[in-house]
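Residues per chain are reported as follows:
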Amino acid sequence: MPGSATDGVAGGDSARIPVHKRIAQGIRNEIESGRLRDGERLPSTRELAKEWRASQVTITKAMEQLAADGYIASHDRSGRVVTTPTAVALAAEPVRTSRPQIVYVGGYPGSGKSEFSRVLTRETSWALLDKDTLSRPIIEPALEDLGSTVNDRESPIYLGRIRPREYDALAAVIHENIECGTSVIATAPYLKEFTDRTWLDRTIAEADSRGADATFVWVRCTLETMHLYLRRRGAARDTAKLDDWSNYSAGVNVSFQPEVDHVIIENNPDSEALRPQAQRLLKGIRRETTGT
């Protein structure tokens, strides 16, 4: 529940999980998060193989797994179609709590934090505030004006001049929503912030001063799952990571946990699906706000 770290570590050697199960998990997350909608036709096996950089045999196995789990169905004329399980339908009504809620969702790039945040949003109808969505159209030209590149996320220019303003802007939008009584789900890496006790204490105090509660969530996965996600999404800002994966991954702490009471969300093929983890998180929030 919120207020204590949960232990959801996946069992076994995750590095040995077949690739088709990783791909099935990735597509399942996209269905649960609403990126793939009920009734939507999936690309062909060949197109998916190119997209995921896998063999057609691997894609076929992934599709069989998704069909067995009830996420897709095959039709003669339309091919494979998303058949969103009834349990994954969009929430009919917003989730109400006695106080507005701020759920801070952090994780390494490729961890699945955006997908989890979208799943949580679909469960609650709370406002979804993604740092990249809010700031990228502004920071990319700013980086170029400062003599860097639009994909820079490592240089002193970005870390010293751009990054702090991104997080300040995100915080301002969070506070504006809370002051209107709207609960929010804020997603960003939060790697620095979740280890900064001063930032965490101030964030909790600022939420309380506005009559709101703050919950901290960390989404984690194995390096293998992270690599698959980053490679598949093909974002230019990830190029440096993928080109020097050995050195980059050596700096990733897969056991990282925030320096505050928090909830861990596991995002691996042998982990529970994201939606039931989101539902359990919400139960904890309700219990904290109602005392029942």
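My aim in this report is to walk through the structure given alongside it, one point at a time.

Moving on: the overall build of the protein. Of the regular secondary structure elements, the protein holds eleven helices and seven strands. A compact globule built from 292 residues should have a C-alpha radius of gyration of about 19 Å, and the protein, at 19 Å, falls within 12% of that. Each principal axis of the C-alpha distribution contributes one length, and for the protein these read about 55 × 50 × 35 Å. Residue burial in the protein is summarised as follows: out of 292 residues, 48% are buried. In the protein, the share of contacts with a sequence separation of at least 24, taken over all contacts with a separation of at least 6, comes to 75%. A total of about 14,200 Å² of accessible surface is found on the protein, and carbon and sulfur atoms cover 48% of it. Of note, the protein has its 39 positive side-chain charges centred 4 Å away from the centre of its 41 negative side-chain charges.

Once that is clear, we can look at the pattern of salt bridges. Applying the stated criterion across every chain yields a total of 20 salt bridges. For Asp132, the salt bridge identified is with Arg136, shortest N-O distance 3.5 Å. Pair noted here: Asp132 and Arg136 are both in helix 5 (residues 131-145), with a separation of four residues, about one helical turn. In this structure, the salt-bridge partner of Glu206 is Arg202, at a minimum N-O distance of 4.0 Å. Here Arg202 and Glu206 lie together in helix 7 (residues 197-209), a separation of four residues that amounts to about one turn. On the basis of relative accessible area, Arg202 is assigned to the partly exposed category, the value being 41%. One continuous salt-bridge network, built from bridges that share partners, spans Lys131, Asp132, Arg136, Glu140, Arg153, Glu166 and Arg237.

Turning next to the pairing of strand 3 (residues 101-106). Across the six residues that make up strand 3, a large majority, six, are buried. Burial along strand 3 is two-sided: Gln101, Val103 and Val105 facing one way and Ile102, Tyr104 and Gly106 facing the other are all buried. By the bridge criterion, six bridges tie strand 3 to strand 6 (residues 213-220) in an arrangement that is parallel. Residue pairing across strands places Val103 opposite Thr215, the latter belonging to strand 6.

Before going further, it helps to spend a moment on helix 3 (residues 56-68). Taking 1.5 Å as the rise per residue, helix 3 with 13 residues should run 18 Å; its terminal C-alpha atoms sit 18 Å apart, in good agreement. The inward-facing, buried residues of helix 3 abut helix 1 (19-32), helix 2 (45-52), strand 1 (72-75) and strand 2 (79-82).

Next up on the list: the side chain of Gln101. Within the secondary structure, Gln101 sits in strand 3. Its relative accessible area of 2% is what places Gln101 among the buried residues. A distance of 3.1 Å separates the side chain of Gln101 from the side chain of Asp213, its partner in a polar contact. With residues near it in sequence (within four places) discarded, Gln101 still touches Trp126, Ile178, Ser183, Val184, Asp213, Thr215, Ile285 and Thr289.

What counts as what
- Residues numbered from 1 in each chain as written.
- Predicted model: local features only at pLDDT ≥ 70, side-chain atom pairs only at ≥ 80, totals over all residues.
- Heavy atoms only, no water.
- Helix = DSSP H or I, 4+ residues; strand = E, 2+ residues; numbered from the N terminus.
- Rg over C-alpha atoms; globule rule 2.2 N^0.38 Å.
- Buried < 20%, exposed > 50% of the residue type's maximum accessible area, 1.4 Å probe, protein only.
- Contact = heavy atoms within 4.5 Å.
- Areas by Shrake-Rupley, 256 points an atom, 1.4 Å probe, with all protein chains shown as cover.
- Lys, Arg positive; Asp, Glu negative; His and termini not counted.
- Charge placed at Lys NZ, Arg CZ, Asp CG, Glu CD.
- Salt bridge = Lys/Arg side-chain N within 4 Å of Asp/Glu carboxyl O.
- Pairing = 2+ DSSP bridges.
- Expected span 1.5 Å × (residues − 1).
- Polar contact = N/O pair within 3.5 Å; in protein donor to acceptor, adjacent residues only side chain to side chain.

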